[in-house]
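# Analysis of the macromolecular model
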Amino acid sequence: MSEVLLYGGTTEARVLAQRLSAAGVSVELHVATAYGDYVMPDLPGVSVVTGRLTLKEMQSLLQKGFRAVVDATHPFAREVSENIAKSLIGSEIPLLRLKRDSGEAFGGDACRYEDHDSCAEALSHTTGNVLLTTGSKNLEAYCRQGGLRDRLYVRILPGTENVEKCEALGIRGRQIIAMQGPFTKEMNLALIHQFSIGHLVTKASGAGSGFTEKAEAATVAGIPLHIIGAPAEAQGMSFAQVAEDLTELLGKPVEGSTHVEVSLIGIGMGPEQLTLEAKRALEEAVLVFGAPRMLEKLAEGKESYSYYLAEDILPVLLEKSKYFSGGMLHAAVLFSGDTGFYSGCEKIKSELDKYETFDVRVCPGISSVSCLAARAGVSWQEAALVSIHGRGNSAEWSANLLAAVEHHKKTFLLVSDGQQVQEVGQLLTKAGLGDCEILCGLQLSYPKEQLIRLRASEADQFSETGLCTCLIQNPGALPKRTVPGLPDEAFLRDRVPMTKEEVREVSLCKLGLTEDAVIYDVGSGTGSIAVECALRSSGSRIYAIERKPEALALLRRNLEKFHLYQVTPVEGTAPEALEELEPPTHVFVGGSGGHLEEILRCVWEKNPDACVVVNAVSLETIAETTRFLQVFSPLEERTLTVEAVQLQVSRSKSLGAYHLMQAENPVMIFRLMCQVFPET
């Protein structure tokens, strides 16, 4: 048998159920809709029943012998609350009505209204200027009568559409206060005095939402406060009071600290694509964080902050939660597109999750990729996804993009502006992919949405501005080669020495390359090793070190031939040429110039975990390597592990009707690693 009968699908009801469960109290929770059941986690001792109840059904429930009934339904679900109260007539079971902590206790005069129409009607019978702080959404209600409209001073977010709406309704420029909050009590007072305000209109948005600062300013100025959304007959107890009474009734501790619910909301391509879940979360929020362009559309009438970094958001949440002692604080952080696609959502969530009193939920949005795929009528499950948004230097993204387009029939690309579309077209054309079609989606889901199709070779004519999502289609995409072993004939050689195909294959396997590796190719020559590494992983960063000018020139030509942009040629002699480079994860030494020991010491000083592969063809290089292995003293708590392979390759050669085997020079391949001593 449950001890508490709890009505409500609100967040407060959910949090109260969690606290009752934690206190070992059994609860029967009734919610009106399936959504209320959906957002309720599985809690020990809490049973959830879905469906609306009649008065008789509520009366029947009481026969189960509950010790308390809690009404935590929505503040405007008056009929439900009335039936709950009626069902308890003649019963000794106590009823606790949980009312949202609105923070509306103040010493000034207050007039309360259920909607904007009734507020506007009441104000039309008053005199004096009116400061309207409810945004532009419901302005029409106050502009139907010229007498009231001419007395309005409207505080709105500084967006062009908001200002245009005011002007269209006949509100003159001097009456428009286009400002971004938050607003302190002093700022509100300054506006009241500046414009000789006689009435201040606000929503009952709750403590910490800017309501308190407006209420205090109205009290100091001695003017009435007009509150929308707070029925005069609404009564109840704060969350803390309900928890305290339940503790006394049940003999179990139900109290708790302020509960902060933060919704991380992906707004999709715009306000019109908000999901129902996101809309509900945004309606409940009294604090909203995000970029200014998002706040203009979605934070009207709420306390908002142009923050999108955890380091800025956290101090505000912690400070505002002080107003909600023992109660609930709802906040929302807005992200463009989807929360899981090139979004800052994950980082912020990890920071918020460190606080036990924060309940963080993620409301995903519709990504630009999903939207553009729908517009184009294509699927995207097999496509490559690449973003160059915010990456101005093409050298940083060229390799990844080119590899994606070469090996995928469909590549979705996020870009910052039209200039990047031009750069993408130039890159693809230079790589022989100028016939690829690019579908550019601009202002997706907005009234000015555009879909522009062009070939990559025509992209230099693209002149549109603003954020853009592209679909690049390459019908001739080739499967990506997953193993090394390009034929030697694929490289430009001249007289520059080159590591032969079979030796490259074994050497690269010994290197054990990983995705996003940092690779040194020391004594690069033609660059065959660097090229093979780059073709295996477009995300790797590769430095090809070469001291001979003629070899360096040939290296650059081979990189250009294979369109490899993540390989950086470095002119100079190792180890000096390595000193300014980032620490490597993998190093191939094809030529040391007699400085092998210095090169290895330099590498392991930068990264003791780097894997090094040395190719030795001459007896002198073999001797230098083995001598080094005898005298090298590895770093503390590390040991040098050595693997040596001698490779002798013979290739067939046609001689008339016969095929003879022609031997190449034998090569010693050393794999060297400094490993931590195993624990004994």
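Residues numbered from 1 in each chain as written. Predicted model: local features only at pLDDT ≥ 70, side-chain atom pairs only at ≥ 80, totals over all residues. Heavy atoms only, no water.

## Some points on the confidence of the model for the protein chain
In this model, the protein chain carries a mean pLDDT of 86, and residues with pLDDT of at least 70 account for 93%. The low-confidence segment residues 102–108 (pLDDT under 50) makes 18 contacts with residues lying over four places distant or belonging to another chain. (pLDDT = per-residue confidence, 0-100. Contact = heavy atoms within 4.5 Å.)

## Quick word on unusual backbone geometry
The omega torsion across Ala574 and Pro575 is 10°, close enough to zero to call that bond cis. With respect to the element layout, Pro575 can be found in the loop between strand S24 (567–571) and strand S25 (586–589). Of note, the phi angle at Tyr342 is positive, near 50°, even though the residue is not glycine. With respect to the secondary-structure elements, Tyr342 resides in the loop between strand S15 (328–335) and helix H15 (345–352). Phi is positive for Gln443, close to 50°, though the residue is something other than glycine. In this fold, Gln443 is placed in the loop between strand S19 (437–442) and strand S20 (450–455). (Helix = DSSP H or I, 4+ residues; strand = E, 2+ residues; numbered from the N terminus.)

## Side note on the packing of helix H17 (residues 398–407) against helix H18 (residues 418–430)
Here H17 crosses H18 at 60°, and the two axes come no closer than 11 Å. In terms of orientation, H17 lies oblique with respect to H18. Considering only the axes of H17 and H18, their crossing is right-handed. Across the interface between the two elements, Ser398, Leu401, Leu402 and Val405 of H17 pack against Val424, Leu427 and Leu428 of H18. Here the contact of H17 with H18 is built from residues that sort into six nonpolar, one polar and no charged. (Axes fitted to C-alpha atoms, helices over the stretch in contact; angles between N-to-C directions. Parallel < 35°, antiparallel > 145°, perpendicular 65-115°, else oblique. Left-handed = near helix turned anticlockwise from the far one by under 90°. Nonpolar A, V, L, I, M, F, W, Y, C, P; charged D, E, K, R; others polar.)

## What to know about the side chain of Thr202
Considering the arrangement of structural elements, one finds Thr202 in strand S10 (residues 197–203). Engagement of the side chain of Thr202 in a polar contact is seen with the side chain of Lys214, the distance being 2.8 Å. Aside from chain neighbours lying at most four places away, what touches Thr202 is Thr133, Thr134, Phe211, Lys214, Leu225, His226, Ile227 and Ile228. (Polar contact = N/O pair within 3.5 Å; in protein donor to acceptor, adjacent residues only side chain to side chain.)

## Thoughts on the nonpolar core
The nonpolar side chains of soluble globular proteins are, as a tendency, buried together. The biggest cluster of nonpolar side chains holds 29 residues, and the ones touching the most others in it are Tyr520, Val522, Ile545, Leu578, Val603, Trp604 and Val612. Elements represented by at least two residues in this core include exactly strand S22 (518–522), strand S23 (541–546), S25, helix H22 (596–606), strand S26 (611–616) and strand S30 (667–676). The element best represented in this core is H22, accounting for six residues. (Core = buried A, V, L, I, M, F, W, Y, C linked by side-chain atoms within 4.5 Å. Buried < 20%, exposed > 50% of the residue type's maximum accessible area, 1.4 Å probe, protein only.)

## Digging into a negative patch on the surface
Together, Glu576, Glu579, Glu580 and Glu598 line one region of the surface with negative charge. A relative accessible area of 76% places Glu580 in the exposed class. (Patch = residues over 30% accessible without salt bridge, like charges linked within 9 Å, V, L, I, M, F, W, Y side chains within 5 Å. Areas by Shrake-Rupley, 256 points an atom, 1.4 Å probe, with all protein chains shown as cover. Salt bridge = Lys/Arg side-chain N within 4 Å of Asp/Glu carboxyl O. Lys, Arg positive; Asp, Glu negative; His and termini not counted. Charge placed at Lys NZ, Arg CZ, Asp CG, Glu CD.)

## Concerning a nonpolar patch on the surface
A contiguous nonpolar patch, built from Leu655, Tyr658 and Leu660 and spanning about 360 Å² of accessible area, is present on the exposed surface. On the secondary structure map, Tyr658 appears in strand S29 (residues 658–663).

## As for the packing of H22 against helix H23 (residues 619–631)
Between H22 and H23, the least distance of the axes is 10 Å, while the angle of their chain directions is 50°. Taken together, the axes of H22 and H23 lie oblique to each other. Where H22 approaches H23, its residues Leu596, Glu597, Leu600 and Trp604 are matched on the opposing element by Glu624, Thr625 and Phe628.

## Structural notes on the environment of Gly24
For Gly24, the location among the structural elements is in the loop between helix H1 (11–22) and strand S2 (27–31). Apart from the residues lying within four places of it in its own chain, the contact partners of Gly24 are Glu3 and Lys252.

## What to know about the environment of Ser445
Within the element layout of this structure, Ser445 appears in the loop between S19 and S20. Sequence-wise, Ser445 and Leu428 are 17 residues apart; in three dimensions their C-alpha atoms are separated by 28 Å. Those residues in contact with Ser445, other than ones at most four positions away along the chain, are Met269, Gly270, Gln273 and Arg375.

## Some words on the pattern of salt bridges
Under the defined criterion, the tally for this structure stands at 25 salt bridges. Of the charged contacts, one joins Lys410 and Glu382 as a salt bridge, the two residues approaching to 2.4 Å between their closest N and O atoms. Of this pair, Lys410 sits in strand S18 (residues 410–415) while Glu382 sits in the loop between helix H16 (368–376) and strand S17 (384–387); the two residues are 28 residues apart in sequence, bridging distant segments of the chain. A cluster of three or more residues bridged by salt bridges with shared partners is formed by Asp488, Glu502, Arg504, Glu532, Arg536 and Arg651.

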